[in-house]
Amino acid sequence: MMVLITYDVNTETKEGKKRLNKVAKQCVNYGVRVQNSVFECVMDAAKCREVKQKLMTIIDSKKDSLRFYYLGDNYKTKIEHIGSKEPIKVDEPLIF
């Protein structure tokens with residue numbers, strides 16, 4: 001299924017900047033960055049629970065937020081891209 005993970009981490013302090021970097025590094029392990037704080041992730045329910053748990057241990061829930069959008073298996077019909085940066089097909093191999 002496609003899961004869209006978004007986050008907003010308060011970076012007013014040095015600790016906040018560290019949390020932001022940790023959250024971003026974890027998200028890179030599970031999906032593709034499509035905007036600064038937005039990742040498209042194709043994963044099963046177990047992987048989703050895994051990343052959610054990891055991210056919840058990193059953030060400060062009084063200052064930061066996480067959002068998970070569950071787009072399901074038919075996500076290709078639910079995503080429309082307009083503008084720069086050609087969209088990456090997250091469910092296909094990347095060839096460099």
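A brief look at the structure comes next. Note that this is a predicted model, so its numbers are computed, not measured. (Residues numbered from 1 in each chain as written. Predicted model: local features only at pLDDT ≥ 70, side-chain atom pairs only at ≥ 80, totals over all residues. Heavy atoms only, no water.)

### Considering the overall build of the chain
Alright, step 1. When its secondary structure is counted, the chain shows 2 helices and 4 strands.
Alright, step 2. Helices (α) and strands (β) of the chain occur, in sequence order from the N terminus, as β-α-β-β-α-β.
Alright, step 3. Buried residues in the chain amount to 32% of all 96 residues.
Alright, step 4. Sequence-distant contacts in the chain: of pairs separated by 6 or more residues, those separated by 24 or more amount to 63%. (Helix = DSSP H or I, 4+ residues; strand = E, 2+ residues; numbered from the N terminus. Buried < 20%, exposed > 50% of the residue type's maximum accessible area, 1.4 Å probe, protein only. Contact = heavy atoms within 4.5 Å.)

### Overview of the environment of Met2
Alright, step 1. Tracing the chain through its elements places Met2 in strand E1 (residues 2-8).
Alright, step 2. On the basis of relative accessible area, Met2 is assigned to the buried category, the value being 1%.
Alright, step 3. On a C-alpha basis, the gap between Met2 and Gly31 in space is 9.6 Å, while along the polypeptide they are 29 residues apart.

### Considerations on the pattern of salt bridges
Alright, step 1. In total, this model carries 3 salt bridges according to the counting rule given.
Alright, step 2. Counted as one network, the salt bridges with shared partners bring together Lys47, Glu50 and Lys54. (Salt bridge = Lys/Arg side-chain N within 4 Å of Asp/Glu carboxyl O.)

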